[in-house]
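Descriptive analysis of the structure
Each chain, letter by letter, is given below.
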Amino acid sequence: MSDSQVTVRVEGRLGHLTLDRPDKINALNLSMIRSVAAALTEWSEDRSVSTVLIDGAGDRGLCAGGDIREIYEGIHGGDTKPHDFWAQEYQMNAAIAHYPKPVVAFMDGIVFGGGVGISAHAGVRIVTERSQVAMPETAIGLSPDVGALYLLARAPGRFGVHAALTGARLSGEQAVHAGLADHLVPSAELPVLAERLRAGALLDDLPAPGPAEHPEWIDACYGAASMEEIMAELRGHSEPGAHAAADALGAMSPTALKVTLEAVRRAGSMTLDEVLKQDLRVGSRFLDHLDFAEGIRAQIIDKDRQPRWNPPDLPAVGEQYVLSFFEPLD
């Protein structure tokens, strides 16, 4: 069942999926998504498999996200159509969330974007001292997807809003605090946990980490009604962390910021499946917006880190335009 970029095998009682594209930090392409989905379908009826493990090859991380270069090429006429890519990816995310058997994810190292989608909806989510977990989509002119807003909308206070808008890289402890993970263990212990899973253990004895820091300014600033007011609150706060957040947001796509704020607020009253449908609707609309291709160009293709956003500032992004991203698709 393996392809060259996903290693699929049964080891004892364990169905083991390893994303195996380490030179790209295991970035997901459509072939990998299909391989994972096919294995999950097969193992759901296989009585010899009691648990599924998802991890990544190499020492850099589980997954750097979806293959943005492949999506960029699809926007410009390549074989992979972004809408199809996302539709199949979100179906895989939902399959993990609703899987009839325990799914364990080792969220070691870098876990960005689609890496969150393939891990944070699992039943047992394990981060380490090396973990960096983030949804950095606003930096490329897109809104966070893969159902992550379902989880971030339920984070304590406004922590999830902060993470969704800024794309902040969360440590293992912070990822647990945000609701993206469950347990923090040393990375050196992951092979031992994998061996326990092969023997049929449930890993129900892992300790929960202590409370993570939750800065007061996050709740105070991100509770403002609009994106413009959030920026004003951050700029006016006395904490350096608030100023740093404002600086980060100032580099993001204004359209992506306003759409993300609306999306995460809506996600708080939605099911995961509803959020995934919203993600597809919103993402499809971004395909017609210049910022998405421009953000990929600036960050991934040319790497000049100088995106030319259109509109260039928050006041120019009208409310009705933002709401149009959430209209039903044909």
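Structure first, text after, so check above.
Cut-offs used in this document
- Residues numbered from 1 in each chain as written.
- Predicted model: local features only at pLDDT ≥ 70, side-chain atom pairs only at ≥ 80, totals over all residues.
- Heavy atoms only, no water.
- Helix = DSSP H or I, 4+ residues; strand = E, 2+ residues; numbered from the N terminus.
- Rg over C-alpha atoms; globule rule 2.2 N^0.38 Å.
- Buried < 20%, exposed > 50% of the residue type's maximum accessible area, 1.4 Å probe, protein only.
- Contact = heavy atoms within 4.5 Å.
- Areas by Shrake-Rupley, 256 points an atom, 1.4 Å probe, with all protein chains shown as cover.
- 1 Å grid on protein atoms, 1.4 Å probe; cavity = no way out; pocket = protein on both sides within 12 Å on 5 of 7 lines; lining within 4 Å.
- Points joined across faces, edges and corners; volume = space filled by probe spheres on them.
- Nonpolar A, V, L, I, M, F, W, Y, C, P; charged D, E, K, R; others polar.
- Phe/Tyr/Trp six-rings, centres within 6.5 Å; stacked < 30°, edge-to-face > 60°.
- Expected span 1.5 Å × (residues − 1).
- Pairing = 2+ DSSP bridges.
- Axes fitted to C-alpha atoms, helices over the stretch in contact; angles between N-to-C directions.

1. Observations regarding the overall build of the protein chain
The number of helices and strands found in the protein chain is 15 helices and nine strands. For the protein chain, whose C-alpha radius of gyration is 19 Å, the value lies close to the compact-globule estimate of 20 Å for 330 residues. Referenced to the eigenvectors of the C-alpha coordinate spread, the extents of the protein chain come out at roughly 60 × 45 × 35 Å. For the protein chain, the proportion of its 330 residues judged to be buried stands at 55%. A separation of at least 24 residues holds for 71% of the contacts in the protein chain among residues at least 6 apart in sequence. With an accessible surface of roughly 13600 Å², the protein chain has 50% of that area assigned to carbon and sulfur atoms.

2. Topic: the pairing of strand β5 (residues 103–107)
Among the five residues of β5, five are classified as buried, and the element is accordingly described as predominantly covered. Burial along β5 is two-sided: Val 103, Ala 105 and Met 107 and Val 104 and Phe 106, pointing in opposite directions, are all buried.

3. Examining the layout of surface pockets
Taken as a whole, the largest pocket spans an internal volume of roughly 1000 Å³. Looking at the lining of the largest pocket, the elements with two or more residues in it are α2 (68–75), α3 (82–97), β6 (110–112) and α14 (290–301). Looking at the lining of the largest pocket residue by residue, the classes come out as 16 nonpolar, six polar and twelve charged. Put simply, the second largest pocket is a space of about 260 Å³. In this structure, the second largest pocket is lined by 15 residues; those nearest its centre are Asp 55, Gly 56, Phe 106, Asp 108 and Leu 190. Where the lining of the second largest pocket is concerned, the elements lending two or more residues are β3 (51–56), β4 (61–63) and α8 (190–198). At three residues, the largest contribution of residues to the lining of the second largest pocket is made by α8. Grouping the amino acids of the lining of the second largest pocket by side-chain chemistry returns six nonpolar, four polar and five charged.

4. Describing the packing of aromatic side chains
Going through the model one piece at a time under the given rule, you end up with three aromatic pairs. For the pair Trp 86 and Phe 292, a centre-to-centre distance of 5.9 Å together with 40° between the ring planes defines the contact as tilted. With Trp 86 in helix α3 and Phe 292 in helix α14, the pair connects residues that are 206 residues apart, well separated along the chain. The exposure class of Phe 292 is buried, given its relative accessible area of 1%. Ring centres of Tyr 321 and Phe 325 lie 5.2 Å apart, and the angle between their planes is 85°; this geometry places the pair in the edge-to-face category. When its relative accessible area of 36% is taken as the criterion, Tyr 321 is described as partly exposed.

5. Section: helix α13 (residues 272–286)
Helical geometry: 3.6 residues make up each α-helical turn, so side chains three or four residues apart lie on a common side. Here α13 spans 21 Å end to end across 15 residues, near enough to the 21 Å set by a 1.5 Å rise per residue. When α13 is considered as a whole, its buried residues turn out to be Leu 272, Val 275, Leu 276, Gln 278, Asp 279, Leu 280, Val 282, Gly 283, Ser 284 and Phe 286. Each element contacted by the buried residues of α13 is listed here: α3, α5 (148–152), α12 (254–267) and α14.

6. Some words on empty space enclosed by the protein
Applying the stated criterion across every chain, the model contains two cavities of 30 Å³ or more. Together, Trp 86, Tyr 90, Leu 142, Ser 143, Pro 144, Asp 145, Leu 149, Ala 263, Gln 278, Asp 279, Val 282 and Gly 283 line the largest cavity. Looking at the lining of the largest cavity, the elements that each hand over two or more residues are α3 and α13. In terms of residues, the lining of the largest cavity owes the most to one element, α13, which gives four residues. The residue inventory of the lining of the largest cavity, partitioned by class, reads seven nonpolar, three polar and two charged. Of the voids in this model, the second largest cavity is the one considered here, and its volume is about 30 Å³. Along the walls of the second largest cavity sit Val 133, Ala 134, Met 135, Leu 152, Ala 163, Ala 168, Leu 170 and Leu 180, which together make up its complete lining.

7. Brief notes about the sheet that holds β4
Ordered by their spatial adjacency, three strands build an open sheet running β4-β6-β8, and the pairing between neighbours is parallel. Looking at which strands have only one partner, the edges of the open sheet turn out to be β4 and β8 (132–134). Looking at each pair of strands side by side, their axes are set apart by 15° on average, direction ignored. Pairing analysis gives three bridges linking β6 to β8, with the strands arranged parallel. Looking across to β8, one finds that Val 111 is bridged to Val 133.

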